[in-house]
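Given next are the chains, with one letter for each unit.
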Amino acid sequence: MLNYALDDVSEFQVTGMADKINKSRADTSTIWGGRFADGPDALMEAINASIDFDKRLYAQDIRGSKAHAAMLAANSIIDPADEAKIQQGLDTILDEIETGAFSFKAALEDIHMNVESRLAELIGDAAGRLHTARSRNDQVATDFRLWVRDVIDGLSSEMQRLQAVMIGMAEAHAATIMPGFTHLQTAQPVTFGHHLLAYVEMIGRDRGRLADCRRRLNESPLGAAALAGTSFPIDRGMTAAALGFDGPMTNSLDAVSDRDFALEFLAAASVAGMHLSRMAEELVIWTSGPFGFIRLSDGFSTGSSIMPQKRNPDAAELVRAKVGRIIGSLNTLLIVMKGLPLTYGKDMQEDKEPVFDAAETLGLCVAAMRGMLEGAEACPDRMLAVASSGFTTATDLADWLVRVLDMPFRKAHHVTGELVKMAEDRGRGLEDLSLADMQGVEAGITQEIFDVLGVENSVASRRSFGGTAPDNVLAAVKVARARYLEGMDGHD
C-alpha cells in the first residue's frame, strides 16, 4: 500500500515545494476562474499535471490554435486585430519552444494552458479570446489526432526504408539456398531472398494497417467544444480543412470521448512490432554457433565481459524484448477506456503516455532492424550445408512419385517415408541411396528420380506463383519495388 505524507511530496516536486504550491494555487485560480477558493493540494497537482509528457504536442497544439483563431476572425467572432496578435504570439511561442527558451510550468497542468498562459504574457487580453467556442476537450482530441497522424507518416516512411534494404538483399540472394523450417526443424530448401521477401510482405501489410488507421482518424474534433457543440457561429469545415482533415467529426459527444484512433494505432503498432520481433528472433538463431547463417556487423554486436570470443546479437534481442512494451501499451489504453461513460473523464489523460512510448519504441525497433540488416553478412556455404541435410528433398521425391508414376499422394508419402528411414538407418542422404535400394521399396522408380533430389533442383522446381525458385524471387523483387517503394527517393 502506498502511504504518502506531505513530506514525501518531494518525490514529485524536487525543490521549492512551498513556493510551487503557492504559485500553483494562484495559477490554478486563473485557469479555473472563480469556482474554487483555494488551489489544489500538492499531491493533487502531482497526479493531475500532464505537462511532463504532453508537451510533445506543442506543434500540433499551436497549429490547431492558429486554425481556430483564423476561423473565429473569419466568422466575426473575434476582431481581426486580436486574431493578428494571437497569430503573431503563437508563432513566437513556437519559436521559443523549438529553441529551448520556453519555460514549461507544472502548475499550468498541460501544454494547452502553458501555451495560453504564455500567449497572455505576450499579447495581453487578446489571448483570452482564443478559447472562445473551444474546450480543452476538443482541443486535446484534435492535437492528439494530429500527432498520431504525423507519427504514422514518419513510421511508414521508416518502414519503407527497411523494406528497401530487405528487397535489395533479396535480389542479391535470389539463388542463395537455405533451409526452410517448420517447427524449427529443417523442412524444405528455399532461398534466402525468398525468406526476406516474406518479411517485406508482412511490413507492407503493417504499413497498410497504419494507412487504414490514418484514414479513419482523419476527422476533426475541433468545434465539438466540451461535449455538446457551441452556440457561436463557427465553421468546423474551415478548421478541418486548414488542419488537413477530411472533414469535421459528425457527433460532438463522440468527438471528445473516444480514443479508438489511438487504440487502432497501438493495435497496428503491436502487429508491426510482432513481425519485427519474429525477425529479431531469427537473427538471434541465425547468428548462433549451431546455425551460423548470418554475421552481424561489429556496430550491431556486443562482446562479453569475461568471454573474449563472444559476439552477442544484443540489438536483435532488445528488439524482441521491446515489442512487449508496445503490446503492453495497447493493453494499458484498452483497460483505461473500457469502463468510461460518455463523454470525457480525467482517466483519458492516461491515453498519451502509452501512445508516445509505443511510437518511440516502434520507431527505434524499425531503425535497429534496418541497421542490423544493412551491415549483415550472409554465410551461403553454411546455409547450403544445412539445407542439404535432414532429408529436405523428401517432398520432392513424393511429388515425383505422384507426377511420374501417377501414385496417390498418400501412398507416395508412405513410400518416401520408408526411403527416408532407410537412408537414416544407413547414415546417408536420399541422394546417396542406390537405384536398387529405392526399387526395393518401389519398383517403378527410375534413374530420373535423382534429378529432383538435389537441393538446387528442388528450389528451381518451385515455380508456382509465390514459390521460392530463383527466377520467381527476381520477379517478386521487381514487383515489390514497384508496389512498396514507389515515390521513395531513388526508387521511382
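Heads up: the structure comes first, above all this text.
Residues numbered from 1 in each chain as written. Predicted model: local features only at pLDDT ≥ 70, side-chain atom pairs only at ≥ 80, totals over all residues. Heavy atoms only, no water.

## Side note on the overall build of the chain
Okay, step 1: Across its full length, the chain carries 19 helices and 4 strands.
Okay, step 2: In summary, the chain has a C-alpha radius of gyration of 31 Å against a globular reference of 23 Å for 492 residues, an excess of more than 25%.
Okay, step 3: Looking at the 492 residues of the chain, the share that counts as buried comes to 48%.
Okay, step 4: Pairs at least 24 residues apart make up 74% of the contacts formed inside the chain by residues separated by at least 6 positions.
Okay, step 5: Carbon together with sulfur atoms contributes 52% to the accessible area of the chain, which is approximately 23,500 Å² in total.
Okay, step 6: Positive and negative charge centroids in the chain, built from 48 and 70 side chains respectively, lie 2 Å apart. (Helix = DSSP H or I, 4+ residues; strand = E, 2+ residues; numbered from the N terminus. Rg over C-alpha atoms; globule rule 2.2 N^0.38 Å. Buried < 20%, exposed > 50% of the residue type's maximum accessible area, 1.4 Å probe, protein only. Contact = heavy atoms within 4.5 Å. Areas by Shrake-Rupley, 256 points an atom, 1.4 Å probe, with all protein chains shown as cover. Lys, Arg positive; Asp, Glu negative; His and termini not counted. Charge placed at Lys NZ, Arg CZ, Asp CG, Glu CD.)

## So, a nonpolar patch on the surface
Okay, step 1: The grouping of L227, L253 and L342 at the surface amounts to a nonpolar patch, some 270 Å² of accessible area in total.
Okay, step 2: In this structure, L227 sits in the loop between α8 (192-217) and α9 (236-242). (Patch = residues over 30% accessible without salt bridge, like charges linked within 9 Å, V, L, I, M, F, W, Y side chains within 5 Å. Salt bridge = Lys/Arg side-chain N within 4 Å of Asp/Glu carboxyl O.)

## Focus: helix α19 (residues 470-484)
Okay, step 1: With 15 residues, α19 extends 20 Å between its outermost C-alpha atoms, agreeing within 8% with the 21 Å of an ideal straight helix rising 1.5 Å per residue.
Okay, step 2: Taken residue by residue, α19 has P470, N472, V473, V477, A480 and Y484 as its buried positions. The buried residues of α19 occupy one face: seen down the axis, they fall within an arc of 140°. With respect to the buried face of α19, the exposed residues turned more than 90 degrees away are D471, K478 and V479.
Okay, step 3: Against α7 (136-172), β2 (185-191), α8 and α18 (455-461) lie the buried residues of α19. (Expected span 1.5 Å × (residues − 1). Arc of directions from axis to C-beta.)

## Some thoughts on the packing of helix α11 (residues 260-286) against helix α13 (residues 352-374)
Okay, step 1: Where α11 meets α13, the closest approach of the two axes is 10 Å, and the angle between their N-to-C directions is 30°. Regarding the angle of α11 to α13, the classification is roughly parallel. Note that α11 runs across α13; the crossing there is left-handed. Where α11 abuts α13, its residues A262, F265, L266, A269, A272, G273, L276, M279, A280 and L283 lie against P354, V355, A358, A359, L362, C365, V366, M369, M372 and L373.
Okay, step 2: Residue composition of the contact of α11 with α13, by class: 19 nonpolar, 1 polar and no charged. (Axes fitted to C-alpha atoms, helices over the stretch in contact; angles between N-to-C directions. Parallel < 35°, antiparallel > 145°, perpendicular 65-115°, else oblique. Left-handed = near helix turned anticlockwise from the far one by under 90°. Nonpolar A, V, L, I, M, F, W, Y, C, P; charged D, E, K, R; others polar.)

## Focus on the packing of aromatic side chains
Okay, step 1: On inspection of all chains with the given rule, the structure shows 7 aromatic pairs.
Okay, step 2: Note on F144 and F356: the rings are 6.3 Å apart at their centroids and 80° apart in plane angle, and the pair reads as edge-to-face. On the criterion of sequence distance, the pair formed by F144 in helix α7 and F356 in helix α13 is long-range, its members being 212 residues apart. Here F144 matches F356 in class, with each residue buried.
Okay, step 3: Their ring planes at 55° and their centres at 6.0 Å tell us that F181 and F291 sit as a pair that is tilted. Of the two residues, F181 sits in strand β1 (residues 177-182) while F291 sits in the loop between α11 and β3 (294-295), which places them 110 residues apart along the sequence.
Okay, step 4: Ring pairs connect the aromatic residues F144, W147, F261 and F356, which therefore count as one cluster.
Okay, step 5: In this structure, R149 is placed above the aromatic ring of F245, and the distance from its NZ or CZ to the ring centre is 5.0 Å.
Okay, step 6: When the ring centre of F144 is taken as origin, the NZ or CZ atom of K352, which lies over that ring, is 5.7 Å away. (Phe/Tyr/Trp six-rings, centres within 6.5 Å; stacked < 30°, edge-to-face > 60°. Lys NZ or Arg CZ within 6 Å of the ring centre and 35° of its normal.)

Function cannot be inferred from these measures alone, as they are strictly geometric.
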